[in-house]
Amino acid sequence: PNSLGLLVPLVTAHTYHTSVEKLNKSHSTRVYTTHWYNQTLDHFTFTTQTKFRQKYLVNDTFWDRNGGPIFFYTGNEGDIEAFTENSGFMWDIAPEFGALLVFAEHRYYGESLPYRSADPGKVGYLSSSQALADYVDLIIHIRQSVEGASQSPVVAFGGSYGGMLAAWIRTKYPHIVQGAIAASAPIAQFTTPCDAFGRIVTSDFSAAAENSSCSSAIRASWSALDRMALLPNSTGFSWLNENFQLCPSSHMATATNISTLKSYLTDLWTNLAMMDYPYPTSFLAPLPANPVVAVCEHLSKPYTNDTELLQLVFKAVSVYFNYTGEAKCLNLMEEDGIGADMWSYQACTEMVMPFCYDGISDMFEPAPWDLDAYTKECQDMWGQQELLSQLWPTASMGEGT
């Protein structure tokens, strides 16, 4: 699954949440036990002996203790329970292979927090290299401490950034991990043309309605929002506040607020494309099967003016943010303090992926890839440290492995 929604460009990569999007752990459908490992903070220097508690989840229902494999999920940017609940393939094939299932939480996400603060001075140990070393240590620990696991082969699994980690751990530590399945892993995004992602997302919406009417409506909505912001006496802002059912903290009053709404919509359309499964899911939000089709049922309808178009947009947005009908209002603000929002730090340091849109071959508002602006936003958020070269992950981990 993705959370590839967290891999879109930083200027639109804020992780937005509604009141119903958080995983309800009391409604878990998977059976597992929760464990904690005393993990090393820094695997690569001798300057600190600090440890932190790393969470991992285990299911041994299907495990053949006489040589059965370990299926190891390389956790990515979020609570490990969310990935455990939504990584169905591992659960589906575990009985056939007699596998022990292990889901490891990524450092600085969920409850595996070396520090409780997002202070820029305390997040320098957040990197893919440190995370891979965490997983290697944990695999060694499991092999040494779990009866029957000492000779078990390990197959890494992961999706999106977790898929990148699965591929990289197999490449960097082949003596520890004997195989890997990397799903939707954007390993090549560092060197892929910046417009490719937007074009692919757009193609999903174009195919969901006749004459590309759905993607055309989204393309037209950006300028409609701009015109609403220019209406006299803030009447456009008031209309948006009421008709988009915005929470008080998200009310529109300035052009900056419009930019926030556009960022939210960019994220939302992208997430819908990536969650466009033929079955219901609750990974990023509760969604019906084929959610892009559900959204485009609204966006493919005719309209004659800006307000009619934006009313259709809100109906489409409601499929994502309020499919269950439980959300009281639309909240555009970030809610996580140090949970999934820590992805912005990784996106500023080593996961520098170029994205751009032209508004012609894609449905998004035109936005060039501007490394200088990207750097400034990162420095404003995390301090004046330099970004790594966007080619560093490819040079360090390899491409297309």
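Structure: above.
Calculation notes
- Residues numbered from 1 in each chain as written.
- Predicted model: local features only at pLDDT ≥ 70, side-chain atom pairs only at ≥ 80, totals over all residues.
- Heavy atoms only, no water.
- Salt bridge = Lys/Arg side-chain N within 4 Å of Asp/Glu carboxyl O.
- Helix = DSSP H or I, 4+ residues; strand = E, 2+ residues; numbered from the N terminus.
- Buried < 20%, exposed > 50% of the residue type's maximum accessible area, 1.4 Å probe, protein only.
- Phe/Tyr/Trp six-rings, centres within 6.5 Å; stacked < 30°, edge-to-face > 60°.
- Lys NZ or Arg CZ within 6 Å of the ring centre and 35° of its normal.
- Expected span 1.5 Å × (residues − 1).
- Arc of directions from axis to C-beta.
- Contact = heavy atoms within 4.5 Å.
- Polar contact = N/O pair within 3.5 Å; in protein donor to acceptor, adjacent residues only side chain to side chain.

(A) Region of the structure containing the pattern of salt bridges. Under the criterion given, the structure shown has nine salt bridges. Residues D226 and K262 are paired through a salt bridge, measuring 2.6 Å at the closest nitrogen-oxygen approach. Of the two residues, D226 is situated in helix α6 (residues 213-229) and K262 in helix α8 (residues 255-274); the sequence distance between them amounts to 36 residues. You can call K262 buried: its relative accessible area is 9%. Through salt bridges with shared partners, one network takes in K55, E81 and E111.

(B) Expanded view of the packing of aromatic side chains. One pass over the structure, following the stated rule, counts 17 aromatic pairs. Geometrically, the ring pair formed by F205 and W269 is edge-to-face, given 6.1 Å between the ring centres and 80° between the ring planes. Taken together, the residues F205 in helix α5 (residues 196-207) and W269 in helix α8 connect sequence positions 64 residues apart. The exposure class assigned to W269 is buried, which follows from its relative accessible area of 0%. Here a set of aromatic residues connected by ring pairs shows up, and it is made of Y73, F83, W91, F103 and F283. Seen from the ring of W36, R53 lies directly overhead, with NZ or CZ sitting 4.1 Å from the centre.

(C) The arrangement of the environment of Y264 in detail. Relative to the helices and strands, Y264 resides in helix α8. Spatially, the C-alpha atom of Y264 lies 9.7 Å from that of N331, the residues being 67 residues apart in sequence.

(D) Spotlight on helix α12 (residues 371-382). With 12 residues, α12 should cover 16 Å at 1.5 Å per step; its first-to-last C-alpha distance of 16 Å lies within 8% of that length. Considered for burial, the residues of α12 that qualify are Y374, T375, C378, Q379 and W382. The arc that holds the buried residues of α12, viewed along the axis, is 130°, so those residues lie on one side. In α12, the exposed positions that point more than 90 degrees away from the buried face belong to D372, K376 and D380. Of the surrounding elements, those touching the buried residues of α12 are α11 (343-349). Measuring from the backbone nitrogen of D372 back to the side-chain oxygen at the start of α12 gives 3.2 Å, which picks out D370 as the cap. Two residues or fewer after α12 comes G383, characterised by a positive phi angle close to 105°.

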